[in-house]
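# Coordinates in review
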Amino acid sequence: MSNVVPKKAAVKKVAAKNAIKLKLSFHLKYKTHFGQVIYLYGNHPALGNNLIEKAIPMVYLNDDYWVLHVEVEAKPTDKVEYHYFILNEDGTKAFDAGNSQSITFNQINSKEIVLIDSWNFTGYKENAFYTAPFEKVLLTKSVKETAATEFDKNTTHVFRVKAPLLDTDQTICILGESSVVGAWDSTKAKTLNKIKGEQFFEIALDVQKSNFPFVYKYGIYNTKTKTFVAFEEGNNRVVYEPVGKDKLVIVNDGFVHLNAKQWKGAGVAIPVFSLRSKQSAGVGEFADIKKLVDWANQVGIKLIQILPINDTTATHTWMDSYPYAAISAFALHPMFIRLEDLFGKEQQKVLKPFQSEIEALNNLAEVDYEGVMKLKWEVLKLAYKENGEQVLSSADFAVYFEQNKNWLVSYSVFSYLRDLHGTVDFNQWPTNAVYDEKSIDALVKPGSKTFDAIAFFYYVQYQLHLQLLDATNYAHQHGVVVKGDIPIGVYRYGADAWQNRHLFHMDMQAGAPPDDFAIAGQNWGFPTYNWKVMAADGYAWWKSRFDQMKYYFDAFRIDHILGFFRIWSIPMHAVEGILGHFVPAIPVSINELNAKNIHVDHYRLTHPYINETILFQQFGYDNEIIKKDYLKSIGDGHYELLPAYKTQRQVETYFSFMPQDEWHDKIKQGLFNLISNVILIDDEKPHHFHFRFNMEQTSSFQHLDHSVKNALKELYVDYFFKRQDSAWEKEAMEKLPMLKLSTDMLICGEDLGLVPSCVPNVMYQLGMLSLEVQRMPKANEKMFFHPNDAPYLSVVTPSSHDTSTVRGWWEEDRAKTQLFYNNELGQWGEAPLHCEAWILKLILMQHLYSPAMWSIFQLQCYLGVDETIRRNEPDEERINIPANSKHYWRYRIHINLEDLILSKAFNQSWKVAIQSSGR
């Protein structure tokens, strides 16, 4: 094995051609406001070689047009693609969408090309249909395509337009004043061709004998009946650019204005580990996705959504079951491997000794994470011994290695060192604690003592890649798209942080402020991002993540997209999320406090407020023990914590050596509460502060004077809900447009929690789908969100992996359930104690009839509408409890996918329901 060297993929050489010279005149229709400048860039040296920093500023012509004239030299076979962006006064950029603006020079017989373009606003809903799930899977059979149009010497004008949602027997036609386009006679409509490999329909015309302005309109034409169907909506279109000698005018008209029906789809959400088949080994596997696709086809589901599938192997214990704590943002988790697929038919006997263990694990109601991983590592090592050299010597692996070596090598070395030193904390490693390229090269050099052990991880990742690619290709072949999940953070002691420490703030922790589900906030433990450093190389690390995702996925969910606006940043000395604050955030100054007549001293507002009353409320009669062991008196019945217990981290460390019982847990939590009993948190800038979240609920606040409380409340509202918005919007608009530009996948944002008012507009501007959860309304005045109020570019769902299922939620709050039953479902009388099958079906049907593009339900919800199929106890359906940072992620569906596929009546009822809703 030590002599296996990944082969280099062959590079094809392109023969040079004779160059031609052309003048390109760009005319962009867009009404800017003062301070904006429009830039153009493209894949030609004269247009900046696709480098945004080399984009060319256009010239303001009038209120409606910006122009640019460029001389280019190119080969006849060249295809120039170009884009526009608007540079705003605040430095942010707004990019146009799509890839329809292009010139292929072998079509051209003129010396000048005038390109009249329409600004393609990213937020247009039509742009969603040119993303990967629609172009590659869902809309591939809709319209017949033809080869690129040949422009003859008489062609003066070329018209291009986009129409993504036509029926199979439809195309676009053009009619207008000129006889060239039918003189408004619909029987003489000219049809456009959908060009293969392009997003647009196109027609080439000779309009030399036509009057200008040239007036026209697009319409729909039935290619089967050869009849005109209908005009597009809106005003007539007009072209003012006349015919000229040696000049070709190309008009990019954007979208046809059709009041067409909206495309809508249904999806299923389930973690891969939660799947169950007769072939799996105690956990759902990539190969099981194919069975889920077979079921999805039976019921009319078009999308499968999964949780993150990256490797989380940090401790080799069940604590690694948390899918959002990946040790690599690129590597796949070995638990998803299908063991039998590692061996040829003649090698299957090697699995015989493991068969009873596989069956025992697969018969368990939940995932035994440690048992599964022990089995899989053992068999993977056996497979590597049997087949590793052959696999790693293959040409296909060489291609994979070349495409992934930027992360694969560092991840594999990291995994080797983790196991060698017995810890994932690279700071404790006796060697290689700091990533060094030369040292890594020595370790992975073929023939070195370490190469074989490191190459094992190459082998594992390649096998996982093949199995996942096989599963997602199967989904695509059967008309189903796959939606992945990008976690907002990375594990503190992972390969990414080890290799790219400069990209992270290792002295801070990411989390979320308190909410109804986690009253002390959430501390995910991840380092926060150093966005300034990431921006310096154009967010290359993030773009690499997207590139990795597109191997397998058509769409993805950005976990906690609010983190791109601001992140809840928690100091390392804190255990709970409650002591964090948003970064970036404009702090409150001492001058603002003074202006509000808040003359309370700094110590009182920024340190834990502890007196006799608070101690008794927190500890009861145990308060004497607390005063004796953990506090010191500062006079007048007030106390402060001893130096050894000043921070939550110190308290946590101390109690880790104490008996793990209810009494000690109570004391530890009580001390945590004392430490977080503050009103203000010091900013790094002297005499500036951040408000502690839920300030009014602290006993420190309750012990202030009434006038001081009112003044603090005013500042608190301004701090959290007013002053930050424009800064947070700018922060997001500096990052998200660049990232969206780098992928053709459909992007969905998980925009839940404390949502700044700027978020909906940013997501609309970027054409990103929002997430709408029925029990988590974004409007403060509402108790529930009604699916019928969803915007088109959104995903609606009644539950998620972070909440109880609908059945579980129904039993949590009787009063709330009653209101929901009467007001949201429109039912009379008393709500049933349990969520009966018909109630769940009614809730899901509400979502299916929503105007949202996607209705996505957890698999448990689909099963829940049939009392003969669903689990008896709804609490057993829950995947995660966010308030529990040590939750064991082990949920598995209780039914084999093979048996679910055979449930014909159940599947047919869902198929009818989904089809009747227009999905």
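Residues numbered from 1 in each chain as written. Predicted model: local features only at pLDDT ≥ 70, side-chain atom pairs only at ≥ 80, totals over all residues. Heavy atoms only, no water.

When you line up the elements, Pro-756 lands in the loop between strand E36 (746-749) and helix H20 (759-766). The exposure class of Pro-756 is buried, given its relative accessible area of 7%. The spatial distance from the C-alpha of Pro-756 to the C-alpha of Lys-722 is 9.0 Å, given a sequence separation of 34 residues. For Pro-756, the residues in contact, after removing those within four places along its chain, are Leu-562, Arg-566, Asp-725 and Trp-728. (Helix = DSSP H or I, 4+ residues; strand = E, 2+ residues; numbered from the N terminus. Buried < 20%, exposed > 50% of the residue type's maximum accessible area, 1.4 Å probe, protein only. Contact = heavy atoms within 4.5 Å.)

Moving on, we come to the sheet that holds strand E9 (residues 112-118). Strand order in the open sheet formed by 9 strands is E4-E5-E1-E9-E19-E11-E15-E14-E10, and the pairing between neighbours is mixed. Two strands lie at the open edges of the sheet, namely strand E4 (59-60) and strand E10 (145-146), each paired on one side alone. Inspection of the sheet shows strand E1 (residues 20-29) paired to E9 by 7 bridges, in the parallel sense. Along E9, the bridge assignment pairs Leu-24 with Ile-113. (Pairing = 2+ DSSP bridges.)

On to the pattern of salt bridges. What the rule picks out here adds up to 41 salt bridges. The salt bridge involving Arg-557 is made with Asp-559; its shortest N-O contact spans 3.8 Å. On the basis of relative accessibility, which here comes to 7%, the residue Arg-557 falls in the buried class. The exposure class assigned to Asp-559 is buried, which follows from its relative accessible area of 11%. One network of salt bridges, in which partners are shared, links Lys-29, Glu-232, Arg-237 and Asp-253. (Salt bridge = Lys/Arg side-chain N within 4 Å of Asp/Glu carboxyl O.)

Turning our attention to unusual backbone geometry. In this chain, Phe-212 is followed by Pro-213 through a cis amide linkage whose omega measures 5 degrees. With respect to the helices and strands, Pro-213 occurs in the loop between strand E15 (201-205) and strand E16 (214-222). Backbone geometry places His-560, a non-glycine residue, at a positive phi of 50 degrees. Considering the arrangement of structural elements, one finds His-560 in the loop between strand E27 (555-558) and strand E28 (567-571).

Each strand in a sheet pairs with another by means of backbone hydrogen bonds, the pair being arranged parallel or else antiparallel. Judged by pairing direction, the sheet is antiparallel, and its 3 strands sit side by side in the order E30-E35-E34 without closing on themselves. The open sheet is flanked by strand E30 (588-589) and strand E34 (680-682), the only strands paired with a single partner. Direction of pairing for E30 relative to strand E35 (residues 688-691): antiparallel, over a ladder of 2 bridges. Bridging from a neighbouring strand, Val-588 pairs with Phe-689 of E35. Across the sheet, helix H18 (residues 706-721) touches E30 and E35, and the angle it forms with E35 is around 85 degrees. (Axes fitted to C-alpha atoms, helices over the stretch in contact; angles between N-to-C directions.)

The next subject is the environment of Tyr-849. For Tyr-849, the position within the fold is in the loop between helix H23 (837-848) and strand E39 (854-858). For Tyr-849, a relative accessible area of 44% translates into the label partly exposed. Sequence separation between Tyr-849 and Ser-917 is 68 residues; the distance between their C-alpha atoms is 5.3 Å. Every residue in contact with Tyr-849, bar those within four places of it in the chain, is listed here: Lys-264, Asn-788, Ser-916 and Ser-917.

Further remarks concern the packing of helix H2 (residues 288-299) against helix H26 (residues 904-916). Between H2 and H26, the shortest axis-to-axis distance is 7 Å and the interhelical angle comes to 60 degrees. Judged by the inter-axis angle, H2 sits oblique to H26. Together, Trp-295, Gln-298 and Val-299 of H2 and Lys-904, Phe-906, Asn-907, Trp-910, Lys-911 and Ile-914 of H26 make up the contact between the two elements. Here the contact of H2 with H26 is built from residues that sort into 5 nonpolar, 2 polar and 2 charged. (Parallel < 35°, antiparallel > 145°, perpendicular 65-115°, else oblique. Nonpolar A, V, L, I, M, F, W, Y, C, P; charged D, E, K, R; others polar.)

Below, the discussion takes up a negative patch on the surface. A cluster of acidic residues, Glu-811, Glu-812, Asp-813, Glu-873 and Asp-875, forms a negative patch on the protein surface. If you trace the backbone, Glu-873 turns up in the loop between helix H24 (859-863) and helix H25 (897-901). The exposure class assigned to Glu-873 is partly exposed, which follows from its relative accessible area of 45%. (Patch = residues over 30% accessible without salt bridge, like charges linked within 9 Å, V, L, I, M, F, W, Y side chains within 5 Å. Areas by Shrake-Rupley, 256 points an atom, 1.4 Å probe, with all protein chains shown as cover. Lys, Arg positive; Asp, Glu negative; His and termini not counted. Charge placed at Lys NZ, Arg CZ, Asp CG, Glu CD.)

Let us now look at the side chain of Asp-117. The topology assignment puts Asp-117 in strand E9. At 7.2 Å, Arg-160 is the nearest oppositely charged side chain to Asp-117, a buried residue that forms no salt bridge. A polar contact of 2.6 Å, which involves the side chain of Asp-117, links it to the side chain of Asn-252. When sequence neighbours within four positions are dropped, the list of residues in contact with Asp-117 reads His-27, Leu-28, Lys-29, Tyr-82, Tyr-84, Gln-101 and Asn-252. (Polar contact = N/O pair within 3.5 Å; in protein donor to acceptor, adjacent residues only side chain to side chain.)

Right, let's talk about the packing of aromatic side chains for a bit. Throughout the structure, instances matching the rule amount to 89 aromatic pairs. Look at Phe-451 and Tyr-458: their rings are 6.5 Å apart centre to centre, the planes differ by 80 degrees, and that puts the pair in the edge-to-face class. Given the relative accessible area of 3%, Tyr-458 is considered buried. Ring centres 6.3 Å apart and planes at 90 degrees place the aromatic pair Trp-810 and Phe-820 in the edge-to-face group. Within this pair, whereas Trp-810 is found in helix H21 (residues 806-810), its partner Phe-820 is found in helix H22 (residues 814-824), the two being separated by 10 residues in sequence. (Phe/Tyr/Trp six-rings, centres within 6.5 Å; stacked < 30°, edge-to-face > 60°.)

The method is simple in principle: a probe with the dimensions of a water molecule rolls over the atoms, and the space it marks as empty is what remains. On inspection of all chains with the given rule, the structure shows 4 cavities of 30 Å³ or more. Empty space within the largest cavity amounts to approximately 140 Å³. Taken together, 18 residues form the lining of the largest cavity, with Ile-309, Asn-310, Ala-329, Met-549 and Phe-553 sitting closest to its centre. Elements with a minimum of two residues in the lining of the largest cavity: strand E22 (481-486) and helix H10 (540-550). Looking at the lining of the largest cavity residue by residue, the class counts come to 13 nonpolar, 3 polar and 2 charged. Roughly 90 Å³ of volume is contained in the second largest cavity. As for the second largest cavity, its lining consists of Ser-100, Gln-101, Ser-118, Asn-120, Arg-160, Val-161, Lys-162, Phe-200, Asn-252, Asp-253 and Gly-254. Those elements giving two or more residues to the lining of the second largest cavity turn out to be strand E11 (157-162) and strand E19 (247-255). (1 Å grid on protein atoms, 1.4 Å probe; cavity = no way out; pocket = protein on both sides within 12 Å on 5 of 7 lines; lining within 4 Å. Points joined across faces, edges and corners; volume = space filled by probe spheres on them.)

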